[in-house]
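Breakdown of the fold
This is what each chain is made of:
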Amino acid sequence: MNVNCAGGTDWSRSLESSCSVEDVTAADHESGKSNVVLGGHSPSAGPRTEGLDSECRHTACPERHGCSALSSSINSQTVTPEKVTLVVDGTRFAVNPQIFTAHPDTMLGRMFGPGREYNFTRPNEKGEYEIAEGISSAVFRTVLDYYKTGIINCPDGISIPDLRDTCDYLCINFDFNTIKCQDLSALLHELSNDGAHKQFDSYLEELILPIMVDSARKGERECHIVVLTDEDTVDWDEDHPPPMGEEYSQILYSSKLYRFFKYIENRDVAKAVLKERGLKNIRIGIEGYPTCKEKVKRRPGGRSEVIYNYVQRPFIQMSWEKEEGKSRHVDFQCVRSKSLTNLVTVGDDVSEDHEVIMHHPPQVDELDRLNAPFSQMAVNDLPD
């Protein structure tokens, strides 16, 4: 009995080694079909054989045909996971779609989710899905880590803006909980852009839009807003205002908006937000604004000149005019010319005792001159 069990054990180990060879061969065959295999186990991976080996040690080993039948029955019960092929930038990714369905809020999660038959993306003639046009395969391979671990580890050589665009395309949340990278400056820059976009949306609704509505009610179609701090004061001389047209500017007292526009990146984000809202001719910058008079100079002739104190403050200028091209078009009036260009009119104006004779030299073709006889050539036409 002991001899039989030992023989059974040796036979089981030989069976285990043969199964391992088959797995490697199948795995090599699978890797030849696609470039990258992600998610799940290999389709050809058979069941582990440690269970069969322990059974032979504790019980009487059946005939070899019985063990073979048991192994084949377990193999028949193994379900090969479904895999789909994604083509990104010419690279094929063989992926188990179950890793996508675990994140139903992403684009790939909806694409391979329960409503897959209603998806607008259809496979090509080879059964492959061509997605993420314009995204490099290296960035897409990095993003696939999110579906397995929930974290994207950005390696060296991958641009953070490109990674951000890919996450936006695939509807993956881009924040510090999701992205891990070495370049903190680039990561914080993208996070600041997100925060600036949300912050300016709030400023636009609470502070800027009421001033624009007030200008629109007065018939204006553009607005120039100067942002002052809460501590700034404006004290102009009524008789001698600043000679720069500042009286047409709207003043907004807000220290937090003043600090927001201190960064040029925030001004660029604000321009993008205003453009998204349909406004035109957007200008955001820093300009000098007169707050109070500094001194008064007396000019010859009794004329006085007021010198103002200027501070550097942000300004916003925008327009919502629809026909701006026509408003700035100068329509010149057509004036009838007094010059006489009609020969009939000239003949009517000439008195009867004068005769206007117009002599036009005959038009002679250059070829006619060359082909004419030598005796008919004029003196000027003779060769030197």
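Described in the following lines is the structure provided in the data block. (Residues numbered from 1 in each chain as written. Predicted model: local features only at pLDDT ≥ 70, side-chain atom pairs only at ≥ 80, totals over all residues. Heavy atoms only, no water.)

1. Quick notes on the packing of helix α8 (residues 160-169) against helix α9 (residues 184-217)
As a packed pair, α8 and α9 sit with axes 9 Å apart at the nearest point and diverge in direction by 45 degrees. Judged by the angle between their axes, α8 and α9 are oblique. Each of I160, P161 and R164 in α8 lies in contact with α9, whose residues at this interface are A186, L187, E190 and D194. For the contact of α8 with α9, the class distribution of residues is four nonpolar, no polar and three charged. (Axes fitted to C-alpha atoms, helices over the stretch in contact; angles between N-to-C directions. Helix = DSSP H or I, 4+ residues; strand = E, 2+ residues; numbered from the N terminus. Parallel < 35°, antiparallel > 145°, perpendicular 65-115°, else oblique. Contact = heavy atoms within 4.5 Å. Nonpolar A, V, L, I, M, F, W, Y, C, P; charged D, E, K, R; others polar.)

2. Here's the deal with the packing of aromatic side chains
Tallied over the full model, the rule gives 10 aromatic pairs. A ring pair is formed by F112 and Y129, whose centres lie 5.2 Å apart and whose planes are at 80 degrees; its orientation type is edge-to-face. Note that F112 is positioned in the loop between α5 (107-111) and β4 (129-130) and Y129 in strand β4, a separation of 17 residues in sequence. There is no split in this pair, since F112 and Y129 are both buried. Ring geometry for Y146 versus Y147: centroids 5.7 Å apart, planes at 80 degrees, classification edge-to-face. Exposure remark for Y147: the relative accessible area of 4% places this residue in the buried category. Among the aromatic residues, those joined into a cluster by ring pairs are F100, F112, Y129, Y146 and Y147. (Phe/Tyr/Trp six-rings, centres within 6.5 Å; stacked < 30°, edge-to-face > 60°. Buried < 20%, exposed > 50% of the residue type's maximum accessible area, 1.4 Å probe, protein only.)

3. A look at unusual backbone geometry
Phi is positive for D89, close to 55 degrees, though the residue is something other than glycine. Tracing the sequence through the fold places D89 in the loop between β2 (84-88) and β3 (91-95). Take D89: its relative accessible area is 53%, and that puts it in the exposed class.

4. Remarks on the environment of V87
With respect to the helices and strands, the residue V87 is situated in strand β2. Sequence separation between V87 and E128 is 41 residues, and the spatial gap between their C-alpha atoms is 6.7 Å. If near-sequence neighbours (up to four positions away) are discounted, V87 is found in contact with R92, E128, Y129, E130 and I131.

5. Notes on the nonpolar core
Counting 34 residues, the largest nonpolar core has L86, F100, L108, I131, F140, Y147 and L163 as the members making the most contacts within it. Contributing elements (two or more residues each) for this core: β2, β3, α4 (98-101), α5, α6 (137-143), α7 (145-149), α8 and α9. In this structure, F100 is in contact with L86, V95, L108, G109, F112, L144 and Y147, ignoring residues within four places of it in sequence. Judged by nonpolar contacts, the second largest core, of 23 residues, contains F200, Y203, L252 and L279. (Core = buried A, V, L, I, M, F, W, Y, C linked by side-chain atoms within 4.5 Å.)

6. Observations regarding the pairing of strand β9 (residues 280-298)
In this sheet, strand β10 (residues 304-319) lies alongside β9 in antiparallel orientation, the contact comprising 15 bridges. Counterpart to C292 in the pairing with β10 is N309. Hairpin connection, β9 to β10: the antiparallel pair is bridged by five residues, and G301 has positive phi, about 95 degrees. (Pairing = 2+ DSSP bridges.)

7. Observations concerning the environment of L204
By secondary structure assignment, the location of L204 is in helix α9. Considering only alpha carbons, one finds L204 and V273, 69 residues apart in sequence, at a separation of 9.2 Å. In contact with L204, other than residues within four places in its own chain, are L209, P210, V273, L274 and R277.

8. A closer look at the pattern of salt bridges
The tally for this structure, following the rule as stated, stands at eight salt bridges. Between E128 and R92 there is a salt bridge; the shortest N-O distance is 2.9 Å. With a gap of 36 residues between them, E128 in the loop between α5 and β4 and R92 in strand β3 connect regions that are remote in the sequence. Look at E128 and you get buried, because its relative accessible area is 11%. Notably, a salt bridge pairs R164 with D194, separated by 2.5 Å at the nearest N-O pair. With R164 in helix α8 and D194 in helix α9, this pair connects stretches of sequence that are 30 residues apart. Accessibility expressed as a relative area gives 13% for R164, which makes it buried. (Salt bridge = Lys/Arg side-chain N within 4 Å of Asp/Glu carboxyl O.)

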